[in-house]
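Residues per chain, in single letters:
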Amino acid sequence: MNMNAREEELTARALLADQAQIDVCLQQKRWAELAAVVRFARRDAPPQLAQTDPALYRELREQITRFFLRGGDVFSLEKLEALARV
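Student: Is there a simple way to think about the pattern of salt bridges in this case?
Tutor: Any two side chains of opposite charge can pair, so long as their charged atoms come close to each other. Inspection of the entire model under this criterion finds seven salt bridges. As a salt-bridge pair, R13 and E9 come within 3.3 Å of each other at their nearest N and O atoms. You can see R13 and its partner E9 sitting in helix α1 (residues 5-17), four residues apart, about one turn around the helix. A relative accessible area of 26% places E9 in the partly exposed class. Of the charged contacts in the structure, one is a salt bridge between E33 and R30, with a shortest N-O distance of 2.9 Å. Note on E33: relative accessible area 15%, which makes it buried. If you follow the salt bridges from partner to partner, you end up with R6, E9 and R13 in one network.

Here it is, written out as structure tokens:
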């Protein structure tokens, strides 16, 4: 599944908003979507959002923090990307 940058961001934000879906993606082997959320979380919330949309910035920061607290840092981005290409 090839996603453009916007599709990847929307996928990642949707998974961060409903983190139970991350487990579903893992079970269903939806590697590209998992790679998207890991990539987005590692880049963190765009800092310019703090000025332009503070509420969204705060929400994304909380979701990303929750993602990492739930163990999101154990995902290997390189492995997920390799699996997505297969």
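Student: For this particular structure, what's the right way to read the packing of aromatic side chains?
Tutor: Taken as a whole and judged by the stated rule, the model has two aromatic pairs. With a centroid separation of 5.3 Å and 65° between ring planes, the pair formed by F67 and F68 is classed as edge-to-face. Here F67 and F75 contribute two aromatic rings whose centre-to-centre distance is 6.3 Å and whose plane-to-plane angle is 10°, an arrangement assigned as stacked. Comparing F67 with F75 shows no difference in burial state: the two are buried.

Student: How should the packing of helix α3 (residues 31-43) against helix α6 (residues 77-85) be read in this particular structure?
Tutor: Between two packed helices, both the angle of their axes relative to each other and the distance between the axes serve to describe the pair. The interhelical angle for the contact between α3 and α6, taken along N-to-C directions, is 150°, at an axis separation of 8 Å. Classified by the interaxial angle, the pair formed by α3 and α6 is roughly antiparallel. Crossing hand, α3 versus α6: left-handed. In this structure, α3 contributes W31, A32, L34, A35, V38, R39 and R42 to the contact, and α6 contributes L77, L80, E81, L83 and A84. Of the residues that constitute the contact of α3 with α6, the class distribution is nine nonpolar, no polar and three charged.

Cut-offs and rules
- Residues numbered from 1 in each chain as written.
- Predicted model: local features only at pLDDT ≥ 70, side-chain atom pairs only at ≥ 80, totals over all residues.
- Heavy atoms only, no water.
- Salt bridge = Lys/Arg side-chain N within 4 Å of Asp/Glu carboxyl O.
- Helix = DSSP H or I, 4+ residues; strand = E, 2+ residues; numbered from the N terminus.
- Buried < 20%, exposed > 50% of the residue type's maximum accessible area, 1.4 Å probe, protein only.
- Phe/Tyr/Trp six-rings, centres within 6.5 Å; stacked < 30°, edge-to-face > 60°.
- Axes fitted to C-alpha atoms, helices over the stretch in contact; angles between N-to-C directions.
- Parallel < 35°, antiparallel > 145°, perpendicular 65-115°, else oblique.
- Left-handed = near helix turned anticlockwise from the far one by under 90°.
- Contact = heavy atoms within 4.5 Å.
- Nonpolar A, V, L, I, M, F, W, Y, C, P; charged D, E, K, R; others polar.

Geometric descriptors of this kind do not, in isolation, establish any biological role.
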